[in-house]
Amino acid sequence: MLFRSPTTVAAQLNTIKNGTYTGQASYNRWGAVQVAAVYKGGKLVDVQVLQYPDANGRDIEIAQYSLPILIQESVQSQSSNVAGVSGASYTSYSYVQSLQSAIDAAKSASGIA
């Protein structure tokens, strides 16, 4: 019979399962941002952008500039607690909202409160 130490069991209980978890779309005055959080080994390894404001060239320019920064900060911090990107306040806010929704979905699917 194999016994596990309490810390090993506790660590496994608080680990997010591998997978991609889609957040709800967050709408702002310029459009919607929707992302999916990708987890591997219990860690946030990537954020995939599924939808962003793209009604005109300026919207696309803002998204192409700000979203990679937000993704990098999220992966580094392992959370949605990131600083907004200057000049992209609405996109940043909606990104954070959608990412937190995805993180909540990942926790829920993994049995983490």
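So, how was this worked out
- Residues numbered from 1 in each chain as written.
- Predicted model: local features only at pLDDT ≥ 70, side-chain atom pairs only at ≥ 80, totals over all residues.
- Heavy atoms only, no water.
- Pairing = 2+ DSSP bridges.
- Helix = DSSP H or I, 4+ residues; strand = E, 2+ residues; numbered from the N terminus.
- Buried < 20%, exposed > 50% of the residue type's maximum accessible area, 1.4 Å probe, protein only.
- Salt bridge = Lys/Arg side-chain N within 4 Å of Asp/Glu carboxyl O.
- Expected span 1.5 Å × (residues − 1).
- Contact = heavy atoms within 4.5 Å.
- pLDDT = per-residue confidence, 0-100.
- Polar contact = N/O pair within 3.5 Å; in protein donor to acceptor, adjacent residues only side chain to side chain.

## Structural notes on the pairing of strand S4 (residues 43-51)
Inference 1: Here strand S3 (residues 31-40) runs beside S4; their pairing, made up of 7 bridges, is antiparallel. What sits directly across from Tyr 39, in S4, is Leu 44.

## Some words on the environment of Gln 72
Inference 1: For Gln 72, the position within the fold is in helix H2 (residues 57-77).
Inference 2: Overall, Gln 72 belongs to the partly exposed group, its relative accessible area being 48%.

## A few points about the pattern of salt bridges
Inference 1: Per the stated rule, a full pass over the model turns up 1 salt bridge.
Inference 2: Salt-bridge contacts for Arg 58 lead to Glu 61; the nearest nitrogen and oxygen are separated by 3.3 Å. One end of the pair is Arg 58 and the other is Glu 61, both in helix H2 and 3 residues apart, which spans about a single turn.
Inference 3: A relative accessible area of 47% means that Glu 61 is categorised as partly exposed.

## Remarks on helix H3 (residues 89-109)
Inference 1: Its 21 residues place the ends of H3 30 Å apart at the C-alpha level, agreeing with the 30 Å of an ideal helix rising 1.5 Å per residue.
Inference 2: Turning to H3, its buried residues are Thr 91, Ser 92, Ser 94, Tyr 95, Ser 98, Leu 99, Ser 101, Ala 102, Ile 103 and Ala 106.
Inference 3: Each element contacted by the buried residues of H3 is listed here: strand S1 (19-22), strand S2 (26-28), S3, S4 and H2.

## Observations regarding the confidence of the model for the protein
Inference 1: Scored by pLDDT, the protein has a mean of 90; 88% of the residues are at 70 or more.
Inference 2: Segment residues 1-11: pLDDT under 50, and 2 contacts once partners within four positions in sequence are set aside and those in other chains are kept.

## Notes on the side chain of Ser 80
Inference 1: Relative to the assigned elements, Ser 80 resides in the loop between H2 and H3.
Inference 2: At a separation of 2.5 Å, a polar atom in the side chain of Ser 80 contacts the side chain of Gln 100.

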